[in-house]
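Breakdown of the fold
Each chain, written out:
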Amino acid sequence: MARRVGSSTFEVAGGCAVSEQNAGSRKPKIIVDHLTKSYDGHIIAVDDINLSIDKGEYCILFGPSGVGKSTLMRHINYLIKPTKGDIVIDGKRLGEMKTKELLKQRSRIGMIFQEFNLVNRMSVIMNVMCGRLHYLNAWRSLTFSFTRDDHERAIDCLRRAGLHEEELYFRRADTLSGGQKQRVAIARMLIQEPEIILADEPIAALDVKNQHMILELIGDIARRDNITIVMTLHHLELAKKYASRIIGLSEGKVAFDGPGESLDEAAINRVFKMEDGKVVGTT
Amino acid sequence: MAKIFDISKIDLEGIELAIYVRRRVRTGYAILVAIVLAIVFYAAYYTNFNLAELERGSPHIWKLLGRMFPPDLEPLSEISGPLVETLQMALVGTTLPIPIAMFLAFYAATSTRRIHWLGNLVRVALNTLRTIPELLWAMILVSAVGLGTFPGTLALTLHSTGSMGKFFYETIEAVDEGILEAMKSTGANRLQIFFFGILPTILPNIMSVVLLYWDYNNRSATVLGLVGAGGIGFILTSAIAEFEYQQAITVLGVIVIILTVIDRTSAAARSRII
């Protein structure tokens, strides 16, 4: 029963997405418009970046650490507000939104993290249902009471994220393994019925086997519901394998932008500002 | 920790360098201990702390102790009322500050506050509440609202609000930024982030601190009677004022027993939480 209710909701969501695309509107999903972020007025993390990302693209932001990948990504759901420029999603500028609109926009952008960021002392299913907080009224928030529908959606999402043992759902989040935790985080993101997925080094804390499993899982989900992905990743091989588009950043600017196949040695050197052809940190 | 001295400027290598650094550190500690001892001795001299004086006075101390025995059990009949009163004051004075301190901490913690100056204002307020000891609060409040348990409870509430508030906002600030970010990214509002992200994370710390302050407030409540703010302290003070030392020792004994029981209970409960 639970499964049927949950999955039908997702089919509706998926259906909508497809019909939108069929309408032939070639509008980009995300536009990064002259985005600049500086700290203390002089340290520039993101330097006048312009990007246009279409619906359903699997974008990987690639480059050495400290180059502004995470900062750029966090602008897309306005966890970080730009110093100059703006983010435009579906034609709407985030900078012009009121708090309420911004929260609504955020509720449709799922996000996963390197360290999973689950609430350790809460049960797995509660963690997943936190993805529905935007729809939870004040009284229910104060009494920690999610609806029956939220529970059904949570179980459905946990299954979609590959967690089938129901015994796990009521365990505390910190009792799970790394791979399981990331699956819970993915379920929390799925329950948001996201149009965009942001992923901040989602596999850096996982072993090799789990790395592939998680990236494949994210890819499958995104393909099925035509979700746009923006992911930061420092694994070159994995980026090439999974991404439909790689955006290489260097010192806060775009140094490469194109499909994985065209990311040749010259481009890599440009991203990493290397001259002897040796690339560090691209295992 | 700041760098004490710059290793790169020392013209030594390997084991020689290690020994040299070790010696420098040891000398540093020796100087530090010497300075602290000098200050302590100066303080003792200045405050006329004198062991000889203590010895000269010891017969009087023994005499006083002698006058306390055998204990007069008479106060036991009238002690139960004020004793329960004391425990009740401590209970209310510990429970009432929890929501107030939590509310204020939400505005004071850097990770949850939205208005910078308001947060600083709340911090100053909490600091003031905490700095003034509850006995002083009780004195002020007795002159404001009159004798009795009400100013006593209020004094405990004010002091505990300040102390708990400071602890709460520090605990909130220690919550992993990533959890807040994850909550925020789902479109949750500030209240929801607090209830679902922060509260479950800090709950054990909060319970531990509340128990600690319950224990502490029980001890404080016993002396509030000294300034007329209700509780068992009043009986103790009047017994001493009337030179009824045999009664005083009985009251003191009861206080020690009750406080020991509370101390053990609080400690046992806290060890289970952590």
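Nothing here was measured: the structure is a model prediction, and the numbers come from that model. (Residues numbered from 1 in each chain as written. Chains lettered and ligands numbered in written order. Predicted model: local features only at pLDDT ≥ 70, side-chain atom pairs only at ≥ 80, totals over all residues. Heavy atoms only, no water.)

1. Here's the deal with the overall build of chain A
A tally of regular secondary structure across chain A gives 11 helices and 10 strands. Counting only residues that meet the buried cut, chain A has 55% of its 283 residues in that class. Taking the intrachain contacts of chain A between residues at least 6 apart in sequence as the baseline, contacts between residues at least 24 apart amount to 70%. Total accessible area computed for chain A in this model is approximately 12,900 Å², and 51% of it derives from carbon and sulfur atoms. (Helix = DSSP H or I, 4+ residues; strand = E, 2+ residues; numbered from the N terminus. Buried < 20%, exposed > 50% of the residue type's maximum accessible area, 1.4 Å probe, protein only. Contact = heavy atoms within 4.5 Å. Areas by Shrake-Rupley, 256 points an atom, 1.4 Å probe, with all protein chains shown as cover.)

2. Some words on the confidence of the model for chain B
Averaged over all residues, the pLDDT of chain B is 89; the fraction at 70 or higher stands at 98%. Averaged pLDDT values over the elements of chain B bottom out at 83 in helix 2 (residues 51-68) of chain B and peak at 95 in helix 4 (residues 97-108) of chain B. (pLDDT = per-residue confidence, 0-100.)

3. Quick word on the side chain of Arg113(B)
All names here are of chain B. For Arg-113, the position within the fold is in the loop between helix 4 and helix 5 (116-131). Put simply, Arg-113 is tucked away with no salt bridge, and the nearest opposite charge, on Glu-173, sits 6.2 Å away. Within the structure, Arg-113 has its side chain in polar contact with the side chain of Asn-120 (distance 3.4 Å). Excluding residues that lie within four positions of it along the chain, Arg-113 makes contacts with Phe-106, Tyr-107, Ala-108, Gly-119, Asn-120, Arg-123 and Arg-190. (Lys, Arg positive; Asp, Glu negative; His and termini not counted. Salt bridge = Lys/Arg side-chain N within 4 Å of Asp/Glu carboxyl O. Polar contact = N/O pair within 3.5 Å; in protein donor to acceptor, adjacent residues only side chain to side chain.)

4. Details of the interface of chain B and chain A
Each partner contributes residues to the interface: chain B has 21 residues there, and chain A has 26 residues. Between chain B and chain A lies a buried interface of about 2,000 Å² when both sides are counted; carbon and sulfur atoms form 66% of it. Considering only the side of chain B, the residues that lose the most area to chain A are Ser185(B), Thr186(B) and Phe196(B), jointly responsible for 31% of the buried surface there. Between Glu181(B) and Arg74(A) there is a salt bridge, and its shortest N-O distance comes to 2.4 Å. Here chain B is connected to chain A by 7 residue pairs in polar contact (both at pLDDT 80 or more). (Buried area = accessible area lost by both parts, 1.4 Å probe.)

5. Some remarks on the domain arrangement of chain B
In terms of domains, chain B is made up of domain 1 (1-47) and domain 2 (74-273). Its C-alpha centre places domain 1 of chain B at a distance of 40 Å from the equivalent point of domain 2 of chain B. (Domains from an automatic or database assignment.)

6. Topic: the packing of helix 7 (residues 149-173) of chain B against helix 9 (residues 190-224) of chain B
Residues and elements named next belong to chain B. Closest axis-to-axis distance for the helix 7/helix 9 pair is 9 Å, and the angle between their directions is 145 degrees. For the element pair helix 7 and helix 9, the recorded crossing hand is right-handed. When its residues are assigned to classes, the contact of helix 7 with helix 9 shows 15 nonpolar, 8 polar and no charged. (Axes fitted to C-alpha atoms, helices over the stretch in contact; angles between N-to-C directions. Left-handed = near helix turned anticlockwise from the far one by under 90°. Nonpolar A, V, L, I, M, F, W, Y, C, P; charged D, E, K, R; others polar.)

7. Quick look at the pairing of strand 9 (residues 245-250) of chain A
Residues and elements named next belong to chain A. Of all 6 residues making up strand 9, 6 are buried, and the element is well covered by its neighbours. Examined bridge by bridge, strand 3 (residues 58-62) and strand 9 share 4 bridges and lie parallel to one another. Counted as the bridge partner of Phe-62 is Gly-248 from strand 9. In textbook terms, the turn of a hairpin is the stretch between consecutive antiparallel strands, and for strand 9 and strand 10 (residues 253-258) this stretch comprises 2 residues, one of which, Glu-251, has a positive phi near 50 degrees. (Pairing = 2+ DSSP bridges.)

8. Some remarks on the pairing of strand 1 (residues 30-39) of chain A
Residues and elements named next belong to chain A. Among the 10 residues in strand 1, 7 count as buried, and that is most of the element. Sheet topology places strand 1 next to strand 2 (residues 43-53); 7 bridges connect them, and they run antiparallel. Across the sheet, the residue bridging to Val-32 is Leu-51, located in strand 2. Counting the residues in the hairpin turn of strand 1 and strand 2 gives 3 residues, including Asp-40, whose phi is positive at 55 degrees. Judged from the 5 bridges that link them, strand 1 and strand 4 (residues 84-89) form a sheet pairing that is antiparallel. Bridge pairing in strand 4 links Thr-36 to Lys-84.

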